[in-house]
Amino acid sequence: MKRIVTRILPSGEYKSVHPFHVCIKGAETAVHCRDNEDYDVYVKYIALCARRKNVLVVIYAVVSNHSHVAVLAALQADADAFAQELKKMYSQWFQAKYHEPKIFHRTEVQAILLDNDWYVRNALAYIPRNALDNKCSVQDYPWSGFQAMFRRGPAPEGRKVASLTKRETGRLMHTRDKLKNVAWQLDEQNRLIPDSFCDTAYLEQAFNDDPAYWFKTIGSVSPAEMEEKLVDGPRRMLSDSDFRKIVADTVQRWFSQELATLPRDKIIRIIPYLWRTRKTSASQLARVMGISREEIGKILGIRVV
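Thresholds, definitions, all that
Residues numbered from 1 in each chain as written. Predicted model: local features only at pLDDT ≥ 70, side-chain atom pairs only at ≥ 80, totals over all residues. Heavy atoms only, no water. Helix = DSSP H or I, 4+ residues; strand = E, 2+ residues; numbered from the N terminus. Rg over C-alpha atoms; globule rule 2.2 N^0.38 Å. Buried < 20%, exposed > 50% of the residue type's maximum accessible area, 1.4 Å probe, protein only. Contact = heavy atoms within 4.5 Å. Areas by Shrake-Rupley, 256 points an atom, 1.4 Å probe, with all protein chains shown as cover. Lys, Arg positive; Asp, Glu negative; His and termini not counted. Charge placed at Lys NZ, Arg CZ, Asp CG, Glu CD. Axes fitted to C-alpha atoms, helices over the stretch in contact; angles between N-to-C directions. Parallel < 35°, antiparallel > 145°, perpendicular 65-115°, else oblique. Nonpolar A, V, L, I, M, F, W, Y, C, P; charged D, E, K, R; others polar. Expected span 1.5 Å × (residues − 1). Polar contact = N/O pair within 3.5 Å; in protein donor to acceptor, adjacent residues only side chain to side chain.

Remarks on the overall build of the chain
Turning to step 1, where the next piece is worked out: Check the secondary structure of the chain and you find eleven helices and seven strands.
Turning to step 2, where the next piece is worked out: What you see for the chain is a C-alpha radius of gyration of 20 Å, in line with the 19 Å of a compact globule of 305 residues.
Turning to step 3, where the next piece is worked out: Taking the principal axes of its C-alpha atoms as reference, the chain extends roughly 60 × 45 × 40 Å.
Turning to step 4, where the next piece is worked out: Looking at the chain residue by residue over its 305 residues, the buried ones come to 54%.
Turning to step 5, where the next piece is worked out: Residue pairs in contact within the chain that sit at least 24 positions apart in sequence constitute 70% of those at least 6 positions apart.
Turning to step 6, where the next piece is worked out: Total accessible area on the chain is roughly 14600 Å²; 50% of this is exposed by carbon and sulfur atoms.
Turning to step 7, where the next piece is worked out: Charge centroids of the chain, computed over 46 positive and 36 negative side chains, lie 5 Å from each other.

So, the environment of Leu 86
Turning to step 1, where the next piece is worked out: Residue position: Leu 86 is located in helix α2 (residues 76–98).
Turning to step 2, where the next piece is worked out: Residues in contact with Leu 86, not counting those within four places in the same chain, are Ile 24, Tyr 42, Tyr 45, Ile 46, Cys 49 and Val 69.

Thoughts on the environment of Ser 239
Turning to step 1, where the next piece is worked out: Secondary-structure assignment places Ser 239 in the loop between α7 (223–232) and α8 (240–255).
Turning to step 2, where the next piece is worked out: Given a relative accessible area of 38%, Ser 239 falls into the partly exposed group.

A short note on unusual backbone geometry
Turning to step 1, where the next piece is worked out: If you check the backbone angles, His 99 has positive phi at about 55° while not being a glycine.
Turning to step 2, where the next piece is worked out: Among the structural elements, His 99 can be located in the loop between α2 and β5 (108–113).
Turning to step 3, where the next piece is worked out: Using a relative accessible area of 65% as the deciding quantity, one classes His 99 as exposed.
Turning to step 4, where the next piece is worked out: The phi angle at His 174 is positive, at roughly 60°, despite the residue not being glycine.
Turning to step 5, where the next piece is worked out: Residue classification places His 174 among the buried positions, given a relative accessible area of 19%.

What about the packing of helix α3 (residues 117–129) against α7?
Turning to step 1, where the next piece is worked out: At their nearest, the axes of α3 and α7 sit 11 Å apart, and the two run at 110° to each other. When the axes of α3 and α7 are compared, the pair comes out roughly perpendicular. Of the residues in α7, those touching α3 at Trp 118, Tyr 119, Asn 122, Ala 123, Tyr 126 and Arg 129 are Pro 223, Glu 225, Met 226, Glu 227, Lys 229, Leu 230 and Val 231.
Turning to step 2, where the next piece is worked out: Grouping the constituent residues of the contact of α3 with α7 by class yields eight nonpolar, one polar and four charged.

Remarks on helix α1 (residues 36–52)
Turning to step 1, where the next piece is worked out: Its 17 residues place the ends of α1 24 Å apart at the C-alpha level, agreeing with the 24 Å of an ideal helix rising 1.5 Å per residue.
Turning to step 2, where the next piece is worked out: With 13 of 17 residues buried, α1 lies mostly within the body of the structure.
Turning to step 3, where the next piece is worked out: The opening residue of α1, the one whose side-chain oxygen lies 3.1 Å from the backbone nitrogen of Glu 37, is Asp 35.

Spelled out as structure tokens, the structure:
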């Protein structure tokens, strides 16, 4: 498979892009989507935020208390910005509708680089599998991009979002953004058709254009393992010994080297990734990487006290 590909981004630029997994998850008891309108708005905000922050959506799944999105982005900062924008937009919708301003205060967002083929394939299978959390089949769940993938025959055609009036855009897309140049389409229920905004080609080539390969992976992926690697693990502070194992594994994947022999130029490259994707501190990074806290601060551009 081609993990890093070139794509035309929403800005019109043609760039190399990397795959990221974005998860927005709060407390287990916090219900983010309470009716079909909420789910519909959430999916539309995924498309809107991707356009605003210059990333491409590959596949997504929205369930009652969290969401997963795989995106292609030129930079980690763009994937981070998409995650934060999605949380902000949907939390504003939720607060305006339900008058509950604090439900998203403890909701965490992270964009994790999928830095090898195993992560990519398992994440792309794990995301639609989340339909099972809402007690629905993967195939029939309406709030994921599953049905757009490996489509045989023409994609469904609907009403073009670009043709909507300003008032219709506000009512149906819940935004004041100008959408005259998008290829998005709405179905008969005014839901966004996933074929019209998901990069289906990326997922399909990741599975060698073989739907049986994808379905087999969905059936065999370990949700507990993926939850630990992509959702819960990055939110939990680890002991130095456990964190060192994570770092050593990442160093091996990135550079095929041992942590103890890693040169400074590669340390500088990997520290920002660890900082963004794990719950850690400058002091812990300094201990594990074997450099001073002051150096960590310089690499990250933060003030270390």
